[in-house]
Amino acid sequence: MTYSVRMSTQIAPARPGTLAGPDPGSDPGSAAGTDTDTDTDTVGGWVSGSGPGGADDSTMCDVDVIRVPGGARLAGRVHVVGAKNSALKLMAAALLAPGRSVITNVPRITDIAIMAEVLRRLGCQVSFADDEPVPFVDHGTGTTADVLEGAPRSCSVTVEVPEAPGTEADYDLVRRLRASICVLGPLLARRGYVRVAHPGGDAIGSRGLDMHVAGLARMGAEISGEHGFVIASAPNGLRGAAIWLDFPSVGATENLVMAAVLARGVTEIDNAAREPEIVDICAMLSSMGARIEGAGTSTLRIEGVAELHPVRHATVGDRIVAGTWAFGAAMTQGDVTVTGASPAFLEIALDKLVSAGCLVETRTDAFRVQLDRRPSAVDVVTLPFPGFATDLLPMAIALASVSEGPSLVTENIFDGRFMFVNEMARLGADIKTDGHHAVVRGRERLSSAPVRATDIRAGAGLVIAGLCADGVTEVSHVHHVDRGYPDFIADLRTLGVEVERATAPEEPAFTL
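Every value quoted in this text rests on a predicted model; they were computed, and no experiment measured them. (Residues numbered from 1 in each chain as written. Predicted model: local features only at pLDDT ≥ 70, side-chain atom pairs only at ≥ 80, totals over all residues. Heavy atoms only, no water.)

**Remarks on the pairing of strand β5 (residues 99–106)**
Threshold: Any residue under 20% of the maximum accessible area for its type is buried, any over 50% is exposed, and the rest in between are partly exposed; the area is computed with a 1.4 Å probe on protein chains only. Every helix listed is a DSSP run of H or I at least four residues long, and every strand listed is a run of E at least two residues long, numbered separately from the N terminus. Only strands that DSSP links by at least two bridges are regarded as paired with each other.
Counting buried positions along β5 yields six of eight residues, so the element is predominantly enclosed. Relative to strand β9 (residues 155–161), β5 is paired through six bridges, and the arrangement is antiparallel. The partner of Ile 103 across the bridge, within β9, is Val 157. As paired strands, β5 and strand β18 (residues 312–314) are joined by three bridges and run parallel to one another. Among the inter-strand pairings, Val 102 is bridged to a residue of β18, identified as Arg 312.

Have a look at this one:
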């Protein structure tokens, strides 16, 4: 099956290996230009009607709103597909080997479509196909269903990489997807030169590229910046080096590992990120012929090889989406079984839910969260993995807002994550912030109001919070949610919520 596409910014055709600027009719300063349908064989993505739930389930329009009924309880089973934060980097890793690589269990979200176009403009051919339906095994009865009802269908992405991929990634796409900076490492390793626009992404604080740049410089790269571009060259190739990261940055670790696998000699990265997504990309690179030791620990040792070969690889399950449903179950005093993601990747988050009063049952690739009373207040501190994930902070604050007692929530990763708090206050949440701390005093019930999603996880958190409000909560700017949650509306309906997605009323224009 192929999918038609709607990109939020018109994109002018470009010859392979280059990137064109935005169409003159679009707004280069906005992520929300004029929607345009594009040929299904040249741009990957999904639009209204492509999801299993029908036209209401998979729209990708930033003027849509989600209307959430208060007093709903989440109950049932939901399946989680591959992690967005891994799949995007796996697609970039395919650049390291000429030929056809296939990545399965990829979520059908906007960001995947954007990354596909980034790769196409580097000269790659990218196509999509449905994965097989997801079977569900009831461990209580031992019975197996043909497909988990309501489960989002993941897809397989096939990337055909040329012998000499392009070397430029321009602003019109990179500004919409911070993860596209991850083409820096593999292209520098393959081509010896790369020019990538400085990335954009979610507005959740300052996330510089200093560690990416410093690490590549240690490996012999010459790096400069001009006109909004990061320009890196290594005409004599990269060489192994000892690298210390000031902070265990996931993005820096990924870029440096992808550069090191083709460098001469041995590279050691100390204080490396340990996230499951790092383990996933190291597993794919190892299957391609890379020599990597220490994946999942704070020290990575990479012995460079002369070449890599294309592979087929399955994306690790999305722990953040899984965690979202876990917190939703606790907030709504529900009973939710989540499949497709390992509870080992959510150990601290699930432990917090146990402290809040939940009954949590775990299996190898599934878990169940139950709660039949108001949750107890718990304190949360975000830290790099294996600590509490910063992407689950909005869910932690939403939980604290309806818990019994006060909670202290501390954000240590992104300094702008608390922008979400202003929207929670509109729902009646009692939250006071001081720097990177927030004191939340729980209330039995929130109050419905129009709110705005400020980033991917904030949008999901606001929708879940709306379930705990009286009346109907309207969440706008839900294109953010589309970037991280495939079939979000269908999943909510599967769990018993009569949620509605609709086009927002047109705002009036004012003139002087």
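**A word on the pattern of salt bridges**
To be explicit about the condition: When a carboxyl oxygen of Asp or Glu lies within 4 Å of a side-chain nitrogen of Lys or Arg, that pair is called a salt bridge.
Under the definition given, this model contains 20 salt bridges. A salt bridge links Glu 117 to Arg 120; the shortest N-O distance between them is 3.9 Å. Residue Glu 117 and its partner Arg 120 are located together in helix α2 (residues 110–121), separated by three residues, close to a single helical turn. Like Arg 120, Glu 117 is buried. Here Asp 482 ties to Arg 501 by a salt bridge, and the two come within 2.8 Å at their closest N and O atoms. Of this pair, Asp 482 sits in helix α13 (residues 479–482) while Arg 501 sits in strand β30 (residues 500–503), placing them 19 residues apart in sequence. Residues Asp 482 and Arg 501 agree in their burial class; the two are buried. Residues joined by salt bridges that share partners form a network here, namely Glu 117, Arg 120, Arg 121 and Asp 172.

**Structural notes on the environment of Phe 388**
How we decide: Contacts were defined at the residue level, with two residues in contact if any of their heavy atoms lie within 4.5 Å.
On the secondary structure map, Phe 388 appears in the loop between β22 (380–381) and α10 (393–401). It is 9.3 Å that separates the C-alpha atoms of Phe 388 and Lys 352, two residues lying 36 residues apart in sequence. Setting aside chain neighbours within four positions, we find Phe 388 in contact with Phe 327, Ile 348, Ala 349, Lys 352, Val 380, Val 381, Thr 382, Leu 383, Leu 393 and Ala 396.

**Brief notes about the sheet that holds β30**
Under the convention used in this document: Axes, fitted as lines to C-alpha atoms, cover a helix only where it is in contact. Angles between the N-to-C directions of the axes lie from 0 to 180 degrees.
With mixed pairing, the four strands of this open sheet are ordered in space as β27-β29-β3-β30. With one partner strand each, in any of the chains shown, β27 (450–452) and β30 form the two edges of the open sheet. Between one strand axis and the next, the sheet turns by 30° as a mean value, whatever way the strands run. One ladder, built from four bridges, connects strand β3 (residues 64–69) with β30; its direction is antiparallel.

**Some details on the packing of helix α6 (residues 250–260) against helix α7 (residues 276–287)**
How we decide: Put simply, angles under 35 degrees are roughly parallel, angles over 145 are roughly antiparallel, angles from 65 to 115 are roughly perpendicular, and the rest are oblique. Under the convention adopted here, Pro, Cys and the residues Ala, Val, Leu, Ile, Met, Phe, Trp and Tyr are nonpolar, Asp, Glu, Lys and Arg are charged, and Gly plus all remaining residues are polar.
Closest axis-to-axis distance for the α6/α7 pair is 10 Å, and the angle between their directions is 10°. Taken together, the axes of α6 and α7 lie roughly parallel to each other. Counting all contacts with α6, which are made through Val 250, Thr 253, Glu 254, Val 257 and Met 258, the residues of α7 involved are Ile 278, Ile 281, Cys 282 and Leu 285. Here the residues of the contact of α6 with α7 are counted per class, giving seven nonpolar, one polar and one charged.

**Topic: the nonpolar core**
Here is the rule we go by: Buried Ala, Val, Leu, Ile, Met, Phe, Trp, Tyr and Cys residues that are joined via side-chain atoms within 4.5 Å together make up what is termed a nonpolar core.
Core analysis: the largest hydrophobic core is formed by 79 residues, its most contacted members being Met 219, Val 261 and Leu 285. Sequence-distant contacts of Met 219, defined by excluding residues within four places in its chain, comprise Leu 238, Arg 239, Ala 241, Ile 243, Leu 256, Ala 259, Ala 260, Ala 263 and Thr 267. Residues Ala 322, Ala 469, Tyr 485 and Leu 492 belong to the second largest nonpolar core, which totals 72 residues.

**Brief notes about unusual backbone geometry**
Going from Phe 385 to Pro 386, the amide bond is cis rather than trans, its omega being 15°. Relative to the helices and strands, Pro 386 resides in the loop between β22 and α10. The phi dihedral of His 227 falls on the positive side, at around 55°, and the residue is not glycine. The topology assignment puts His 227 in the loop between β12 (222–226) and β13 (229–233). A relative accessible area of 73% means that His 227 is categorised as exposed.

**A short note on the packing of aromatic side chains**
The line we're drawing: Ring pairs are drawn from Phe, Tyr and Trp, using the six-membered ring of Trp, whenever the two centres fall within 6.5 Å, and their geometry is named by plane angle: stacked under 30 degrees, edge-to-face over 60, tilted for the rest.
Taken as a whole, this structure holds three aromatic pairs when the rule is applied. Centre to centre, the rings of Phe 327 and Phe 388 are 6.0 Å apart; their planes meet at 90°, and the pair counts as edge-to-face. Taken together, the residues span a long stretch of sequence, with Phe 327 in helix α8 (residues 319–331) and Phe 388 in the loop between β22 and α10 at a distance of 61 residues. Just as Phe 327 is buried, Phe 388 falls in that class too.

**Observations concerning the confidence of the model for the protein**
To keep things clear, this is the line we draw: As a per-residue quantity, pLDDT reports the predictor's confidence and falls between 0 and 100.
Model confidence for the protein is summarised by a mean pLDDT of 85, while 82% of its residues fall at 70 or above. In the predicted structure, residues 1–62 sits below a pLDDT of 50 and forms 153 contacts with residues beyond four places in sequence or in another chain. Here residues 201–206 scores under 50 on pLDDT; set against residues more than four positions off or in separate chains, the count is 17 contacts.

**Observations regarding α8**
Note the following rule: A helix is expected to span 1.5 Å for every residue after the first.
Taking 1.5 Å of rise per residue, the 13 residues of α8 would be expected to cover 18 Å, and the 18 Å separating its terminal C-alpha atoms lies within 8% of that figure. Burial analysis of α8 places 13 of its 13 residues in the buried class, the great majority of the element. One or two steps after α8, the chain reaches Gln 333, where phi turns positive at roughly 55°.

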